[in-house]
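Descriptive analysis of the structure
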Amino acid sequence: MANDKRIDEATGVETVGHEWDGIEELNNPLPRWWLWTFYACIAFAIGYCVVYPAIPGLHSATAGTFGWSSRGALASEMKAADDSHAAIRAEIAATPVEQLAGNEKLLRASIEGGRAAFKVNCVQCHGAGAAGAKGYPNLNDDDWLWGGDVATIHQTLLHGVRQPGDDATRMSQMPAFGRDGILTAAQIQDVVSHVRVISGQEKASGSSQRGAAIFAQNCAVCHGANGEGSRAVGAPKLNDAIWLYGGDRATITETVTNARYGVMPAWGSRLDPVTVKMLAAYVHSLGGGEAAPAPAAAAAAAPAATAK
Amino acid sequence: MTNAHDPKLARADHSDEISFYEKRKGVFPRGSDGAFRRLKWAIMAFCLIVYWGTPWLRWNRGPYAPDQAVLIDLAHRRFYMFDIEIWPHEFYFVAGLLIMAGIGLFLVTSAVGRAWCGYACPQTVWTDLFQHVDRLIDGDRNAQIRLQNAPWTASKVARRVFKWGVYLTISFLTGGAWIFYFADAPTLQREFWTGTAAPVAYATTGVLTFTTFWLGGFMREQVCVYMCPWPRIQTAMLDEKSLTVTYKHWRGEPRGSVKAAQKRVEQGLDPLGDCIDCKQCIAVCPTGIDIREGPQIGCITCALCIDACDKAMADVGRPRGLIDYFTLDDEAKVERGEEPAPVLKTIFRPRTLIYLGVWSAIGVGMLFLLGQRTRLDLSVAKDRNPEYVMLSKGAVRNGFTIKLRNMEDRPRAVVVSISGLPGGAIYTDEMDSDLARQSLAVEIPADTTKRIRVYAVVPKGAKPAEFLFDLKASDKEGGHDVAKTTFTTAEGNGQ
């Protein structure tokens, strides 16, 4: 049957030699260029399988003679990105953190780099907008436990808070006045009243007047006579509107009774020095950053009346 | 198997019968003269002068902006056109111009048929130019045909190489001129020749040189017939009232020479028509068609055949206009023995007037917008995280990113102030917060958008509020803009 090939009269094309109830099929083979493209694709596929990972094994695929891998591609892209930053990172590394502000380009790069590093390392506690949470300071405001100039922020970042094994770590020690039996529950209530009065949340009362005396004896050494706090020992300001743990009576009572010991990692041992500098610049830029203290102030603080 | 059943032979038998490929027949148009030819000269000169000359026009915009009259500054996202400067956010002006160009083509088609194809299309202009080069170098129509059919002798090779060299020179000048619209022309010219221009300048020049050389030198009428969508669209746009180049067959047929006509008269037969079959209409046609076959896709309505026919008619003392601009409607009227409609009535018909109305409305609307647009602009983005910050003394601070846009070609001093925020004051991130006040003086550099961080502070007891940022120019020219935003406290955002 397959030998019944003949030329179709209407088209002049040979049939394939089959016939079904009078229906025949013309033999129009693939065009040559199509066929060769197809062969070329096969050849390409074989070559591809040789040079790239292609054939799966039990644990991994064949490596391919080019040695390409998606992890390797990522690594090289990351390296290229790092290399593109290398020059400015070297400049930042050579510049003391308090002098970054004097160089517009370095400051900008530092703030942007800090913004990125903050998202990876800091947002877990301080929040994506650095607004903090209960026990984790808001970094946007103008209240600083240890100081808000860029060098101090840098110092705090490098050594962390209450990090064992780091001599320069920020360490504040508030006694647990209730738990350790230093003050009685009633005395604590009086102190709490006093604190709420100096922070403007309550009117003076008998309790607060008794508390004032207790405050002067037990608290003023760190928190100051008027509750103005001390950055030297990391004692918070008590006469302002900002509360790390909360300013209501129950929370202050809890704080005085058991004390609070917040912690922060010493980033100096976790991140490279340039990244820590960048973080300091970023945190300083959030709106609460302070000018450097007196000696360096003349150079750094030049707040123009007009924005430039 | 017999030979008749041999597939190769069978195919060979049929291969000549149907082919979907039509080999190009060379077109060697004869040089001509006449009213339309002179009009085409004028339009060609105008188009080429505009194309080559425009980038070199200078326009004084002061020290902060380029002095090129027409400049598409892609790098800085600016489009300059004489006194108009367009920023990316005003791109609707460009879109409007493109829409006007589109409707303008409809308008022209409705009024005078394929006039765009015949006179102003770059393909037509450059094909015309190259055909003149052909005539200058190879001689007129007959000489060109002779040379085309001649064997490839050394002299033919030399002539071809020389002609293609001229083609290439024109193409290079054409392709090279394009890049000057995108950069300062004198500077780019210097950089181009010293090899220091951007690679894209060379690439663009190369590509456009090649397309001009190929499309204008060799493809020519095939672009119009096979490649260009516009003739196809025009087929749909033309109607029985559109002007087309028409052979008045009712006057011309039956055609025959002057001698044959005399003979017929002597024999007492019906006289012949006016067409003397001199084939001058075919000889001058740049697309090589015979207009006497009726309207067709290859006819770009360049009207050169009208010139040629008028000349022939004058030579034999018959009235002009055997081939002329005419409409199908008029053709039917003439065949019925009526008078054709006056030309002005044909041109200014309702369809054309509607196009004209839409086209003008868009144009006037854009001019109005152009006059109305502000050259000073303020936009305010409020910080969303954190929405507000409680400060030590109980004040509340909100952060804003403010964009000040100065679209003038000079720096401007402005004042940014707030209103509607009781007790509120603002300061920037480069100021001491103690200096916070109601308004800030800011200098915006020429032709830029300046971004500043602004903090608004309201003392203790702040309430959420909606308030306004206000931008006012300090110079005598003035100008101002307002942006509404909100002040958020722990109680909400005032909405």
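Source: prediction; values computed, not measured. (Residues numbered from 1 in each chain as written. Chains lettered and ligands numbered in written order. Predicted model: local features only at pLDDT ≥ 70, side-chain atom pairs only at ≥ 80, totals over all residues.)

So, on to the overall build of chain A. A count of helical and extended segments in chain A gives eleven helices and two strands. Reading chain A from its N terminus to its C terminus gives the helix and strand order β-β-α-α-α-α-α-α-α-α-α-α-α. Taking 19 Å as the expected radius of gyration for a compact globule of 308 residues, we find that chain A reaches 36 Å, considerably beyond that expectation. If one aligns the C-alpha atoms of chain A with their principal axes, the spans along those axes are about 120 × 50 × 45 Å. Relative to its full complement of 308 residues, chain A shows a buried share of 27%. (Helix = DSSP H or I, 4+ residues; strand = E, 2+ residues; numbered from the N terminus. Rg over C-alpha atoms; globule rule 2.2 N^0.38 Å. Buried ≥ 20, exposed ≤ 12 C-beta atoms within 10 Å, placed from the backbone.)

Okay, the overall build of chain B next. Scanning chain B from N- to C-terminus turns up 18 helices and 14 strands. Against the globule reference of 23 Å for 495 residues, chain B gives a C-alpha radius of gyration of 34 Å, more extended than a compact globule. Taken along the three principal axes of its C-alpha coordinates, chain B extends 120 × 65 × 60 Å. Sequence separation of 24 or more characterises 69% of the internal contacts of chain B that already satisfy a separation of 6 or more. (Contact = placed C-beta atoms within 7 Å.)

So, about the packing of helix H6 (residues 185-198) of chain A against helix H7 (residues 206-218) of chain A. All names here are of chain A. Interaxial distance between H6 and H7 falls to 7 Å at its minimum, and their mutual angle equals 95°. Considered as vectors, H6 and H7 are oriented roughly perpendicular to each other. Between H6 and H7, the residues in contact are Gln-187, Gln-189, Asp-190, Val-191, Ser-193, His-194 and Val-197 and Ser-207, Ser-208, Arg-210, Gly-211, Ala-212, Ile-214 and Phe-215, respectively. Counted by class, the contact of H6 with H7 contains five nonpolar, seven polar and two charged residues. (Axes fitted to C-alpha atoms, helices over the stretch in contact; angles between N-to-C directions. Parallel < 35°, antiparallel > 145°, perpendicular 65-115°, else oblique. Nonpolar A, V, L, I, M, F, W, Y, C, P; charged D, E, K, R; others polar.)

Here the focus is the domain arrangement of chain A. Residues and elements named next belong to chain A. When cut into domains, chain A gives domain 1 (72-167 + 264-289) and domain 2 (185-258). Computed from C-alpha coordinates alone, the two centres of domain 1 and domain 2 are separated by 32 Å. Partitioned by chemical class, the residues of the side of domain 1 that touches domain 2 number four nonpolar, two polar and three charged. (Domains from an automatic or database assignment.)

Residue and element names in this part refer to chain A. Their axes nearest at 9 Å, the elements helix H2 (residues 70-94) and helix H10 (residues 273-284) cross at an angle of 75°. Relative to H10, the element H2 lies roughly perpendicular. Where H2 approaches H10, its residues Arg-89, Ile-92 and Ala-93 are matched on the opposing element by Pro-273, Val-274, Lys-277 and Met-278. Of the residues in the contact of H2 with H10, the class split is five nonpolar, no polar and two charged.

With that settled, the discussion passes to the sheet that holds strand S3 (residues 84-86) of chain B. In a beta sheet, neighbouring strands are held together by backbone hydrogen bonds and run either parallel or antiparallel to one another. Residues and elements named next belong to chain B. Read from one edge of the open sheet, three strands run S1-S2-S3, paired in antiparallel fashion. Two strands bound the open sheet, and with one partner strand each, they are strand S1 (70-73) and S3. For this sheet, the mean angle separating the axes of adjacent strands, direction not counted, is 10°. (Pairing = 2+ DSSP bridges.)

This part takes up the sheet that holds strand S14 (residues 480-487) of chain B. Residues and elements named next belong to chain B. Read from one edge of the open sheet, four strands run S11-S9-S13-S14, paired in antiparallel fashion. Each edge of the open sheet is held by one strand with a lone partner, namely strand S11 (439-444) and S14. Direction aside, the axes of adjacent strands within the sheet are offset by 25° on average.

All names here are of chain A. When strand S1 (residues 15-20) meets strand S2 (residues 23-26), the two strands line up antiparallel, connected through three bridges. Its bridge partner lying in S2, Trp-20 is registered against Ile-23. Hairpin remark: S1 followed by S2, antiparallel, with two residues in the connecting loop; positive phi at Asp-21, about 50°.

Backbone torsion omega between Glu-253 of chain B and Pro-254 of chain B reads -10°, so that peptide bond is classified as cis. For Ala-259 of chain A, which is not glycine, the phi torsion reads 60° and is therefore positive. The topology assignment puts Ala-259 of chain A in the loop between helix H9 (249-258) and H10.

The α-helix advances 3.6 residues per turn, and as a result positions three or four apart in sequence lie on the same side. Residue and element names in this part refer to chain B. Between its first and last C-alpha atoms helix H7 (residues 154-178) spans 36 Å; for 25 residues at 1.5 Å apiece the expected length is 36 Å, and the two agree. All of the buried residues in H7 are Tyr-167, Ser-171, Thr-174 and Gly-176. In this structure, the buried side of H7 is in contact with helix H5 (122-138) and helix H9 (199-219). (Expected span 1.5 Å × (residues − 1).)

Residues at a pLDDT of 70 or more form 94% of chain A, whose mean pLDDT is 90. Counting contacts from residues 296-308 of chain A, a segment whose pLDDT is below 50, to residues more than four positions away or on other chains yields 25 contacts. (pLDDT = per-residue confidence, 0-100.)

Another aspect to go through is the domain arrangement of chain B. Residues and elements named next belong to chain B. Along its sequence, chain B is carved into domain 1 (35-236), domain 2 (239-341) and domain 3 (376-487). Counting residues per element, the ones that place at least two in the side of domain 1 that touches domain 2 are helix H2 (35-53), helix H3 (92-112), helix H4 (115-120), H5 and helix H10 (221-227). Looking at side-chain class alone, the side of domain 1 that touches domain 2 contains nine nonpolar, six polar and six charged residues.

So, on to the pairing of S14 of chain B. All names here are of chain B. Summarising the sheet, strand S13 (residues 465-473) and S14 pair through eight bridges and their orientation is antiparallel. Within the sheet, the bridge partner assigned to Ala-465 lies in S14 and is Phe-487. From the end of S13 to the start of S14, which pair antiparallel, there are six residues, and Gly-478 there has a positive phi angle of about 75°.

With that out of the way, let us pick up the confidence of the model for chain B. Residue and element names in this part refer to chain B. Summary statistics for chain B give a mean pLDDT of 89 and a share of 96% for residues scoring 70 or more. For residues 1-15, every residue scores under 50 in pLDDT, and the model assigns this stretch eleven contacts once sequence neighbours within four places are set aside. Interface scoring of the predicted complex returns ipTM 0.77; its pTM is 0.71.

The next subject is the environment of Trp-178 of chain B. Residue and element names in this part refer to chain B. If you trace the backbone, Trp-178 turns up in helix H7. Residues Trp-178 and Gly-217, 39 residues apart in the sequence, show an inter-C-alpha distance of 19 Å. Once residues within four sequence positions are removed from consideration, Trp-178 is found in contact with Thr-204 and Leu-208.

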